[in-house]
Structure formats: C-alpha cells, structure tokens
Amino acid sequence: MQLRLIYILTFLFMSSRISAFGGRLLVYRRQQEQKAFHLHSAAVGHNCETASKDEDATRANLGPYFSIYYNGESSEKNNETIIFRSFYPIFSNFCPHEISPHILSDVWEVDMPPGHRFPMSKYKKVRKAVQAYIHNSEQQIQCDFRVSPLATFEQLSTTHCSDYISRYLSGKMTAEENRNIGFPWTMQHVNRTLSSAGGTVAAACDAYEEYVRRCNAIALDHGLKRQYDNRQTDYAHLCWSAHVAGGTHHAFRDYGEGFCIFSDIAVAANVLLQKFPYQPSTATPTSSKGIRRILIIDLDVHQGNGNAALFQGNDKVQTFSVHCRSNYFSKKEKSDLDIELPPLCTDETYLTTLKHWLRRIEEHPFDDNDQLEKQGQKPFDFIFYQAGVDIHKDDRLGRLSITQEGISKRNHLVFDFAHRMRAPLVICMGGGYPKGDDWTPILTAHAGVYIEAYQYLSSFV
C-alpha cells in the first residue's frame, strides 16, 4: 500500500513538473516568436504595424538582396530550449512552425564515429570562411547570416511519407535503413537533419517574400503613376538566398540514401507551391502572380535521383541534372533533363555542355499559350541551385577533373542564367569530399560558391 502511494505521489509530482515545463515553454515560445517577428521585420525593412511609415524606404531599396542561412550557433543558451530540442518528437505539440533562430545554440554539429568518411565539420569551416570574407569586404550589399530553423513535420510531409518521417524522428529506423543512409541514428543527427531541411525552406521563403514585396511596391508606384529609375527595376528581381548546408538530393519519399534523409530542396519547392500558388487573375501586370513553375539546377557529380523521382510527372517542378555517367551508386532515375558527362571530363567540355543546355532551357517553349509569352510570363518563377563541388579534380568521391577556375565559371553561368530568367534564386551546398588530410581544395570550392554569389550581386551596385 505504501509502495502504491509512493508511485502515485511520484506520478503526480512528475506530471506537475511536466505541466509547469510545458507552460513555461509555451510562454517562452510566444515571447521568442514575438521577438523574432520584430527582429526579422526590422531586418527586411517591413513591419506590418508601421508599413505606412516605411513605404518610401521599401520603394527605394530595390537593389540586390542576399541572405545566408547556416546550421549554427547563438550565444544564447537556455536549459529549457536544450531539453526542448532533445525531446523534439515528444514535445512536437509545442513546436512553432519555424523555431526562432534566437533560441538556438551550437548543437547542430554531429559527433561522428571514428573514421567515418563523411566530412561533417566542413559546414562550420565553410560558413566561417564565407562570413570572414563578407565581414571584411566593403559590404557593397547587405548580407545577413541567419541560423537555420528546424523543419516541421508539416513541411516535411509535403514531400515525404508521414510514417517514414515519424520513424526517423523517433529512432525507429531499421539498421539496414540507417546503413543505406550512411549515418548512425542519434538525436544530434535528427536536429542536424531538421535544420538542413528547415534552412532551405527558410531561405526559399525569404527570397520569394522579398521578391513579392518588391513586385508589390513597384505595382503600387505604377498605380500611383510614380516612376522608378530603370536601374532599380532592372535589378529588383535579384532576391537571392543561400544555405550553407542542404542539397540532399538522394532522399526519396519513404527512404534515404547517400547521406540524405530528407530532400531539403524538394520540401522547400513544395512549401513554396503551397504558400504562393499561381493566381494570374488576381495580379496586376507588374505584381507577383505566385509560383507557377520551379527549376532545380543540380550540378553535383551524382545524379539528383531523389528529386527526379519525387517530381516525376510534376509539371510545376522541372529537374535538370548534369552529372558523371559512371558515378551512379543506386538506380538511375529520370529527370526532366539528364546530361551525362564522361569520367575525367575537363573544364572545357563541362562548361561548353552546361552553357549549351542552359541556353536550350532558356529557349524551350514551356508554355503552349502564346498569350502568356506576350504578357511577359517567365518560364520559371523560382530557381534552386544544387552547387555540389564533388566535380572537383581533387574530390575523393567524384570522377571528373574540373579545376577551381572551372567551378567558378560554372557558378557564374548559373548566376547569369538566373539573372536572365529574372527569378529569385536559392543556393544549396551539395557534395564535396576531401582527400586525406588536405581539405583546402574542397573547402575553397564550397566557400567560393557563396563568395562568388555575393560578388556577383555586388557588381550591380
């Protein structure tokens, strides 16, 4: 009897502690969401409470826009938020749609088993190199670094099977499934995986929301008979965002492989299509009509087989993959456009091929309706760039022979294409695997993607 009484009292005590924790967490969440809203609004120059005061500033600020998300760190550490993250699957009811970056600590690094071949520490090294370059530059354009939020179950389920998501989050994957992915399951890696997907979703929404804001500002001035300087409107579409992670293009609807659990680009594309549906009848000639078609440019050395399968037969998302023809590690899938390159392919062949097919994509009549073309309808409303650098001649897993100069020229071909398409762009990291102890070539190539994007946008100022 006494033992039962002890059990009951213990249960009541623990229930009250959990209830109190839940209450504190909800209050803390609301405080952080409110704080994050105001901080984010200040960063992008738009606060709905003071929109009328900021109209002139919004209209004036139509130059190139760039933001960079990363799996990272904050100086603010809080025991409750650490517990919250550690028990994310259990406390999912308390999870906001996008966890504020201001409540995160440096927990996204994963303690890999000794001798594991995946270069997990490259992400922080690349991010620090990019930050150092931009912070030491003349800051020709504003570039904010933001911590990647965790993807939500709702976001992931736009693309992946609910049962697969649940089993992964709760640690119920089989040993064979984990071997196929290439990582042992840990709670550290769950957080890292969720932030990898969430960062790309946040980057995509950030870039497109900024684009919509600019379209609406131009439409407003058009209605008021105000005139912009041509240089402003010419570059108003340069709304780019980047994620120093992601590009996990080997994830399928209900399984992962090749170090990929969830496809961050596919999730982000589906979130965009849901959040910004195409509505031509409600738009003015100069305002955004929503997203009708997305292009994924995948330049990793491996085929983007997961994204190819996920968007098979989906006209709203076009998949374009340029990869090595002798570097398939699983079943080959069918992208909308697959270009295979021979082993040991060099710069000249690679760049000539890429330039040719980007031009073919640009000239392709995606719409049968001539009226859309007359109305200035773009072929793509949004572009993702999977910027894997495992095409580098010094990459351990790649089988091409592309130099650093060749990779830089590749990046510029994509940047020029996005500029001509007048579409917002999101850049994701993709693959890159150092040989031995010398990580310099791969880290330089990765960092170069983001630095060159910053330099490209700065050239229009």
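Cut-offs and rules
- Residue numbers restart at each chain and count upward from 1, following the sequence in its written direction.
- Restriction of local features to residues with pLDDT of at least 70 applies here, the model being predicted, together with a cutoff of 80 or more for giving and counting side-chain atom pairs; totals for whole chains, interfaces and linings are based on all residues.
- To obtain the side-chain values, all non-hydrogen atoms of the structure were included, while hydrogens and water were left out.
- Runs of E in the DSSP output that reach at least two residues are strands. Runs of H or I that reach at least four are helices, and both are numbered from the N terminus.
- Whether two residues touch is decided by their heavy atoms; if any such pair falls within 4.5 Å, the residues are in contact.
- Accessible surface area values rest on a Shrake-Rupley calculation with a 1.4 Å probe, where residue burial reflects the displayed protein chains alone.
- Accessible area is worked out with a 1.4 Å probe on protein chains only. A residue is then buried under 20% of its type maximum, exposed over 50%, and partly exposed in between.
- Pairing between two strands requires that DSSP report at least two bridges joining them.
- Between N-to-C directions, angles cover 0 to 180 degrees, with each direction set by a line fitted to C-alpha atoms, over the stretch in contact for helices.
- Only one rule defines a salt bridge in this text: a Lys or Arg side-chain nitrogen within 4 Å of an Asp or Glu carboxyl oxygen.
- Between 30 and 60 degrees the pair is tilted, below 30 it is stacked and above 60 it is edge-to-face, where a pair is any two Phe, Tyr or Trp rings, Trp via its six-membered ring, whose centres lie within 6.5 Å.
- Here, over-ring charges are defined by two tests on the NZ atom of lysine or the CZ atom of arginine: distance to the ring centre within 6 Å, and angle to the ring normal within 35 degrees.
- Contacts described as polar in this section are N or O atom pairs within 3.5 Å, which, within protein, must combine one atom able to donate a hydrogen with one able to accept it, while residues neighboring in sequence count only if both atoms come from side chains.
- A right-handed crossover is one whose linking path, passing over the helix from the first strand to the second, runs clockwise when the strands point away from the viewer.
- Helix span is expected to be 1.5 Å times the residue number reduced by one.
- Each residue carries a pLDDT score, the predictor's own confidence in it, on a scale running from 0 to 100.
- Helix crossings are classified by the rotation of the near helix relative to the far one: an anticlockwise turn of less than a right angle makes the crossing left-handed, while a clockwise turn makes it right-handed.
- Residues are sorted three ways: Asp, Glu, Lys and Arg are charged, Ala, Val, Leu, Ile, Met, Phe, Trp, Tyr, Cys and Pro are nonpolar, and all the rest, Gly among them, are polar.
- Note that the term roughly parallel is reserved for angles under 35 degrees, roughly antiparallel for angles over 145, roughly perpendicular for angles of 65 to 115, and oblique for everything else.

1. A closer look at the overall build of the protein chain
Then, in step 1: If you tally the helices and strands in the protein chain, you get 15 helices and eight strands.
Then, in step 2: Pairs at least 24 apart in sequence give 78% of the contacts found in the protein chain among residues at least 6 apart.
Then, in step 3: Per element, the accessible surface of the protein chain, about 21,200 Å² overall, is 52% carbon and sulfur.

2. Comments concerning unusual backbone geometry
Then, in step 1: Unlike most non-glycine residues, Phe-259 shows phi in positive territory, near 70°.
Then, in step 2: Structurally, Phe-259 is set in the loop between strand S3 (239-243) and helix H10 (264-275).
Then, in step 3: Assessed through its relative accessible area of 12%, Phe-259 is described here as buried.
Then, in step 4: The phi dihedral of Arg-422 falls on the positive side, at around 55°, and the residue is not glycine.

3. Structural notes on the sheet that holds strand S4 (residues 294-298)
Then, in step 1: The eight strands are arranged S2-S1-S3-S8-S7-S4-S5-S6 in an open sheet whose pairing can be described as parallel. The open sheet terminates on both sides in strands that have one partner only, identified here as strand S2 (143-147) and strand S6 (337-341). For this sheet the average axis-to-axis angle between neighbouring strands, irrespective of direction, equals 15°.
Then, in step 2: Bridge count between S4 and strand S5 (residues 317-324): five bridges; the pairing is parallel. Note on S5: the bridge partner recorded for Ile-296 is Thr-319.

4. Quick word on the pattern of salt bridges
Working definition: two side chains of opposite charge can pair if their charged atoms are close together.
Then, in step 1: If you walk through the whole model with that rule in mind, you get twelve salt bridges.
Then, in step 2: Connected via shared salt-bridge partners are Asp-144, Arg-146 and Asp-206.

5. Focus on the packing of aromatic side chains
Then, in step 1: Counted under the stated rule, the structure contains 17 aromatic pairs.
Then, in step 2: One aromatic cluster is present, formed by Tyr-235, Trp-240, Tyr-385, Phe-415, Tyr-456 and Phe-460 through successive ring pairs.
Then, in step 3: Here Lys-122 stacks its cationic end above the ring of Tyr-123, 5.4 Å away from the centre of that ring.
Then, in step 4: Over the ring of Tyr-278 we find Arg-292; its NZ or CZ atom is 5.6 Å from the centre of that ring.

6. Description of the environment of Gln-303
Then, in step 1: Checked against the element boundaries, Gln-303 lands in the loop between S4 and helix H11 (305-310).
Then, in step 2: Every residue in contact with Gln-303, bar those within four places of it in the chain, is listed here: His-249, His-250, Ser-321, His-323, Tyr-328, Lys-332, Glu-333, Lys-334, Ser-335 and Asp-338.
Then, in step 3: In this structure the side chain of Gln-303 is engaged in a polar contact, spanning 2.5 Å, whose partner is the backbone oxygen of Glu-333.
Then, in step 4: Engagement of the side chain of Gln-303 in a polar contact is seen with the side chain of Asp-338, the distance being 3.2 Å.

7. Focus: the pairing of strand S8 (residues 425-428)
Then, in step 1: On S8, burial covers both faces: Leu-425 and Ile-427 on one face and Val-426 and Cys-428 on the other are all buried.
Then, in step 2: Relative to S8, S3 runs parallel, the two sharing four bridges. Note that in S8 the partner of His-243 across the bridge is Cys-428.
Then, in step 3: For the handedness criterion, the β-α-β arrangement of strand S7 (residues 382-386), helix H14 (residues 404-421) and S8 is classed as right-handed.

8. So, H14
Then, in step 1: Between the first and last C-alpha of H14 there are 26 Å, a value that for 18 residues agrees with the 26 Å anticipated at 1.5 Å per step.
Then, in step 2: Taken as a whole, H14 has its buried residues at Gly-406, Ile-407, Ser-408, Arg-410, Asn-411, Leu-413, Val-414, Phe-415, Phe-417, Ala-418, His-419 and Met-421.
Then, in step 3: The positive-phi residue at the C-terminal boundary of H14 is Arg-422, with phi of around 55°.

9. A short note on the confidence of the model for the protein chain
Then, in step 1: Looking at the protein chain as a whole, its pLDDT mean stands at 80, while 73% of the residues score no less than 70.
Then, in step 2: Low confidence marks residues 17-59, where pLDDT is under 50. Its contacts with residues over four positions away, or in another chain, come to 53 contacts.
Then, in step 3: Scored below 50 in pLDDT, residues 74-107 shows 79 contacts in the model against residues more than four places distant or in partner chains.

10. Things to note about the environment of Leu-150
Then, in step 1: Turning to its location among the elements, Leu-150 is positioned in the loop between S2 and helix H5 (153-156).
Then, in step 2: Put simply, Leu-150 and Leu-194 are 44 residues apart on the chain and 4.8 Å apart in space, counted from C-alpha to C-alpha.

11. Some words on helix H12 (residues 347-363)
Then, in step 1: With 17 residues, H12 ought to run about 24 Å at 1.5 Å a step, and its terminal C-alpha atoms sit 24 Å apart, in line with that.
Then, in step 2: Looking at the buried positions of H12, the neighbouring elements they touch are S4, S5, S6 and H14.

12. Here we look at the packing of helix H4 (residues 122-136) against helix H15 (residues 440-458)
Then, in step 1: Here H4 crosses H15 at 35°, and the two axes come no closer than 9 Å. Handedness of the crossing formed by H4 with H15: right-handed. Of H15, the residues touching H4 (which contributes Lys-122, Lys-125, Val-126, Ala-129, Val-130, Tyr-133 and Ile-134) are Leu-443, His-446, Ala-447, Tyr-450, Ile-451, Tyr-454 and Gln-455.
Then, in step 2: The residue makeup of the contact of H4 with H15, split by class, is ten nonpolar, two polar and two charged.

13. Digging into the packing of H14 against H15
Then, in step 1: Interaxial distance between H14 and H15 falls to 10 Å at its minimum, and their mutual angle equals 30°. The angle between the axes of H14 and H15 places the two elements in the roughly parallel class. In terms of crossing hand, the pair formed by H14 and H15 is right-handed. Between H14 and H15, the contacting residues are Gln-404, Ile-407, Ser-408, Arg-410, Asn-411, His-412, Phe-415, Asp-416 and His-419 on the first element and Pro-441, Thr-444, Ala-445, Gly-448, Val-449, Glu-452, Ala-453 and Tyr-456 on the second.
Then, in step 2: Class assignment for the residues of the contact of H14 with H15 results in seven nonpolar, seven polar and three charged.

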